[in-house]
Amino acid sequence: MDRNPSPPLRSREEEEEEAAAVGDCIGSTVYSKHWLFGVLTGLMQIVSPENSKSSSDHEEQQMELDEEMENEICRVWDMSMDEDVALFLHEFNVPDIFMGILAKSKCPRLREICVGILGNMACFQEICVSISSDKNLGQVLLYCLCDSDPPTLLETSRLLLTCLSQTEVAVVWVERIREHPAIYDSICFIMSSSTNVDLLVKVGEVVDKLFDLDEKLMLEWIRNGAVQPLDQPQEDSEQQPVFRIVPCVLEAAKQVRSENPEGLDVYMHILQLLTTVDDGIQAIVGLPLIDSLIRVLQNMKHCQKKPENSAESNTEETKKSDLTQGDFHLKILKDISCEFLSNIFQVLTKETVAQGLKEGQLSKQKCSCAFENLLPLYNPVVEDFLKILREVDKTLAGNLEESFPSLKVQT
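Residues numbered from 1 in each chain as written. Predicted model: local features only at pLDDT ≥ 70, side-chain atom pairs only at ≥ 80, totals over all residues. Heavy atoms only, no water.

Caption draft 1: View of unusual backbone geometry. Backbone torsion omega between Leu-375 and Pro-376 reads 0 degrees, so that peptide bond is classified as cis. Mapping Pro-376 onto the fold places it in the loop between α21 (364–374) and α22 (379–392). For Asn-93, which is not glycine, the phi torsion reads 70 degrees and is therefore positive. Here Asn-93 falls in the partly exposed class, since its relative accessible area comes to 39%. (Helix = DSSP H or I, 4+ residues; strand = E, 2+ residues; numbered from the N terminus. Buried < 20%, exposed > 50% of the residue type's maximum accessible area, 1.4 Å probe, protein only.)

Caption draft 2: View of the confidence of the model for the protein chain. Scored by pLDDT, the protein chain comes out at a mean of 82, with 78% of its residues at no less than 70. Confidence, read as mean pLDDT per element, is least for helix α1 (residues 12–22) in the protein chain (53) and greatest for helix α10 (residues 150–164) (98). In this model residues 226–238 is a low-confidence stretch, pLDDT under 50, and it forms 17 contacts with partners more than four residues away in sequence or in other chains. (pLDDT = per-residue confidence, 0-100. Contact = heavy atoms within 4.5 Å.)

Caption draft 3: Region of interest: α22. Across its 14 residues, α22 extends 20 Å between first and last C-alpha, which sits within 8% of the 20 Å expected from 1.5 Å per residue. All buried positions along α22 are accounted for by Asn-379, Val-381, Val-382, Glu-383, Phe-385, Leu-386, Ile-388 and Leu-389. (Expected span 1.5 Å × (residues − 1).)

Caption draft 4: Representation of the pattern of salt bridges in the model. A full pass over the atoms with the stated rule returns 11 salt bridges. Measuring nitrogen to oxygen at the nearest pair gives 2.9 Å for the salt bridge that ties Arg-111 to Asp-147. Taken together, the residues span a long stretch of sequence, with Arg-111 in helix α7 (residues 108–121) and Asp-147 in the loop between α9 (135–144) and α10 at a distance of 36 residues. For Asp-147, a relative accessible area of 16% puts it in the buried group. A salt bridge links Lys-387 to Asp-384, with the shortest nitrogen-to-oxygen separation between them at 4.0 Å. Here the residue Lys-387 and the residue Asp-384 both occupy positions in helix α22, the gap between them amounting to three residues, near one helical turn. With a relative accessible area of 44%, Asp-384 lands in the partly exposed category. When salt bridges that share partners are traced, they join Glu-175, Arg-178, Asp-214 and Glu-220 into one network. (Salt bridge = Lys/Arg side-chain N within 4 Å of Asp/Glu carboxyl O.)

Caption draft 5: Molecular detail of the packing of α10 against helix α11 (residues 170–178). At their nearest, the axes of α10 and α11 sit 7 Å apart, and the two run at 130 degrees to each other. Comparing the axis directions of α10 and α11 gives the class oblique. Residues Leu-160, Cys-163 and Leu-164 of α10 form the contact with α11, whose own contacting residues are Ala-170, Trp-173 and Val-174. The residue inventory of the contact of α10 with α11, partitioned by class, reads six nonpolar, no polar and no charged. (Axes fitted to C-alpha atoms, helices over the stretch in contact; angles between N-to-C directions. Parallel < 35°, antiparallel > 145°, perpendicular 65-115°, else oblique. Nonpolar A, V, L, I, M, F, W, Y, C, P; charged D, E, K, R; others polar.)

Caption draft 6: Local environment of empty space enclosed by the protein. A full pass over the atoms with the stated rule returns one cavity of 30 Å³ or more. Considering only enclosed or pocket space, the largest cavity measures out at about 110 Å³ in volume. Lining the largest cavity are Leu-250, Ala-253, Lys-254, Arg-257, Leu-264, Met-268, Leu-271, Leu-289, Ser-292, Leu-293 and Val-296. Of all elements in the fold, only α15 (245–257), α16 (261–274) and α18 (289–303) reach the threshold of two or more residues within the lining of the largest cavity. Split by residue class, the lining of the largest cavity holds eight nonpolar, one polar and two charged. (1 Å grid on protein atoms, 1.4 Å probe; cavity = no way out; pocket = protein on both sides within 12 Å on 5 of 7 lines; lining within 4 Å. Points joined across faces, edges and corners; volume = space filled by probe spheres on them.)

Caption draft 7: Here's a closer look at the packing of helix α13 (residues 197–213) against α16. Across the interface, α13 lies against α16 with an axial gap of 9 Å and an inter-helix angle of 30 degrees. Of the possible angle classes, the one that applies to α13 and α16 is roughly parallel. As for the relative orientation of α13 and α16, their crossing is left-handed in sense. In contact with Leu-200, Val-201, Val-203, Gly-204, Glu-205, Val-207, Asp-208, Phe-211 and Asp-212 of α13, α16 contributes Gly-263, Val-266, Tyr-267, His-269, Ile-270, Leu-273 and Leu-274. (Left-handed = near helix turned anticlockwise from the far one by under 90°.)

Caption draft 8: The arrangement of the side chain of Glu-70 in detail. Along the chain, Glu-70 falls in helix α4 (residues 67–79). For Glu-70, the side chain forms a polar contact with the side chain of Arg-109, separated by 2.8 Å. Apart from the residues lying within four places of it in its own chain, the contact partners of Glu-70 are Leu-65, Arg-109 and Ile-113. (Polar contact = N/O pair within 3.5 Å; in protein donor to acceptor, adjacent residues only side chain to side chain.)

Caption draft 9: Quick look at the nonpolar core. Counting 128 residues, the largest nonpolar core has Phe-98, Met-191, Phe-211, Trp-221, Ile-245, Phe-345 and Phe-371 as the members making the most contacts within it. Sort the elements by how many residues they give to this core and α13 lands first, with nine residues. Once residues within four sequence positions are removed from consideration, Trp-221 is found in contact with Ile-177, Tyr-184, Ile-187, Val-207, Leu-210, Phe-211 and Ile-245. (Core = buried A, V, L, I, M, F, W, Y, C linked by side-chain atoms within 4.5 Å.)

Caption draft 10: Quick peek at the packing of aromatic side chains. On inspection of all chains with the given rule, the structure shows seven aromatic pairs. Centre to centre, the rings of Phe-371 and Phe-404 are 5.5 Å apart; their planes meet at 65 degrees, and the pair counts as edge-to-face. Here Phe-371 is found in helix α21, whereas its partner Phe-404 is found in the loop between α23 (394–403) and α24 (405–410), with 33 residues between them in sequence. An identical accessibility class is assigned to Phe-371 and Phe-404; each is buried. Ring-pair connections join several aromatic residues into one group, and the members of that group are Phe-345, Phe-371, Phe-385 and Phe-404. It is Arg-75 that lies over the ring of Trp-35; its NZ or CZ is 4.9 Å from the centre. (Phe/Tyr/Trp six-rings, centres within 6.5 Å; stacked < 30°, edge-to-face > 60°. Lys NZ or Arg CZ within 6 Å of the ring centre and 35° of its normal.)

Here it is as C-alpha cells:
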C-alpha cells in the first residue's frame, strides 16, 4: 500500500485560475498560500487542541490521524519537493512548527510525514544550513532516530543522510551524533534486529557516510561496548544484549543480501572502511567473516553464468543494457569484497587460521575461491597467507599449490 496517498485534485486549470485571481500562488507554482496556511493551522491544533476534555482523551486522539488531514498533509509532503514551496514553508517557520509536533505528538504517521517534509526541504542548501544550525531542532531530529516506528526511522535516516552529504553542515551533525551515545545504540539495534530492507539500506548509508567523514567516530563505535536497549525497563538490564558494530553490520548485510544487492554494496563498503584501522581489523578477525566474504564471491560467480536461451522476448539492445548494468554492479561488489578479504588475510595469525580450519570457515574449496578472485592483483597477500597455512595444514597448502602453479613456482 502506498504510504503517501494524495487526495483527488481539481484540474490544474481550475487551480491556476483561482490562485491567479487572488494573487495566492506560492512562487511560480499553482499551489495556494491560503490553503497551505489552513493545513498548517490545523496541524498545530491537533498537537495543542484548545478544547480537549482530558489528557487521556488527548493522548488517544494523537495516536491516529484524521483521514482528511492525512491526505492534506501528504499533499504538502509532495509539494515540498518543489523549491518555491520548500522556501515558503521555511519562511513560514515550518521547521519550528514541526519541532513542536515531533516533540509532542504520539501519532507515528504524523511524525513520519513531518520528518519526510523536513527531509525534502533539506535537499535545498539554504534550508539545510538553517535546519542544521538550529540546535534544538537537531536534538529533536536525532531523538527521532530512536523511534520505534520503521517509516519514521526511514525518513529520519533519509534526512540525516541529506544533511551529512552537505559539506557546509556535515561536521555539525557528526559532532551531534558523537555527543549522543543513544544514536549508536539505536543504529546497532536497527541493524541487528530489523527486517525492513529499505530501512536497513538507508541506515547503512548513514553509517557509511559517518565513517567516511570521521575516522575518530568510527574508532569510537568500534570500541563501544555494552548498551542500554531502547525498549526494555531498567530492571531488565542484566538481560540486555551487548551490541558491537561489526556483528550488527554483518547481521544487516545478511538481511539485505538477497533482496537488495545495492544495499549489500553499502554494507560491504562499511566493512572495508573498518579494515582501514587496526581496531577494526581486530574486531573483524575474530568473526566468521572470511566465510561470508567467500560466499559472496561464490554467489557472484553463479550470477555471472547467464542462460544461453532465455524464454523472455527481450530485444538484443535491452539484453545488452541489462547485462552491462549487471556486470558493472557485480564488478563493484567483487572489488570491494576482494579488497576487504585481502585486508583480513594480511592480519591472520597461525591461531586464527587453525581455528578457521577447525570451524569450517576455511577449506580447500573456499580457499580456492578466494585465490581465484585475489590473484594476481593481491599475489603477495595470498603468498603470505599460504606460508601460514603450511605451518597449520601442509597437505591443504600443497593441494592449493598444485591448483595454483604460479604460487608453487614463487615459493
